[in-house]
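# Analysis of the macromolecular model
One letter stands for each residue in the lines below.
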Amino acid sequence: MENFNLNDIEQIITFYLIFNFIIFLCLIYIIVSLIFRVLLKNKKFEENKKNKSSNRRKKKDIIDLFWTEEKDSKGKTIFKRGVLIFLILFTSYYIFSSVNFILNNIDIVKKVLKIE
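Residues numbered from 1 in each chain as written. Predicted model: local features only at pLDDT ≥ 70, side-chain atom pairs only at ≥ 80, totals over all residues. Heavy atoms only, no water.

### Here's the deal with the packing of aromatic side chains
Aromatic ring pairs are described here by two measures, namely the spacing of the ring centres and the angle between the planes. Per the counting criterion, the structure on display carries 3 aromatic pairs. Plain terms: the ring middles of Y16 and F101 are 5.2 Å apart, the flat faces sit at 75° to each other, and that makes the pair edge-to-face. Taken together, the residues Y16 in helix α1 (residues 9–39) and F101 in helix α4 (residues 74–104) connect sequence positions 85 residues apart. The exposure class assigned to Y16 is partly exposed, which follows from its relative accessible area of 22%. Aromatic pair F86 and F90: ring centres 6.1 Å apart, planes at 20°, arrangement stacked. (Phe/Tyr/Trp six-rings, centres within 6.5 Å; stacked < 30°, edge-to-face > 60°. Helix = DSSP H or I, 4+ residues; strand = E, 2+ residues; numbered from the N terminus. Buried < 20%, exposed > 50% of the residue type's maximum accessible area, 1.4 Å probe, protein only.)

### With respect to helix α5 (residues 106–113)
Among all positions in α5, only I108, V109 and V112 are buried. Looking straight down α5, one finds its buried side chains confined to an arc of 100°; they lie on one side. Residues of α5 that are exposed and point over 90 degrees away from its buried face: D107 and K111. Packing partners of the buried residues in α5 comprise α1 and α4. Just past α5, the residue K114 takes up positive phi, approximately 55°. (Arc of directions from axis to C-beta. Contact = heavy atoms within 4.5 Å.)

What follows is the structure, encoded as structure tokens:
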């Protein structure tokens, strides 16, 4: 693949497969993080987070960004959670439609992945 050629269907399918795999991994990470956040909510864990020094800057992941409760506005919290659920559903739809596309073009995918 020394030359990038958009007319070569095998190169396009290769990039498409790589892109879909990365999106699928991100979707799995978000869903698993959300499950652990909602189902395994542990008050001791939250208290330990509050007791740590505030001088450290904690990296926020996507779940912290969208799932934390806003103290001043309940509507803002509901909106943020709705946006997160919409993104998960939209990404899931994209993954399922890409699987359908891959199944329709299975002969090219086999050629790209060198499967006999």
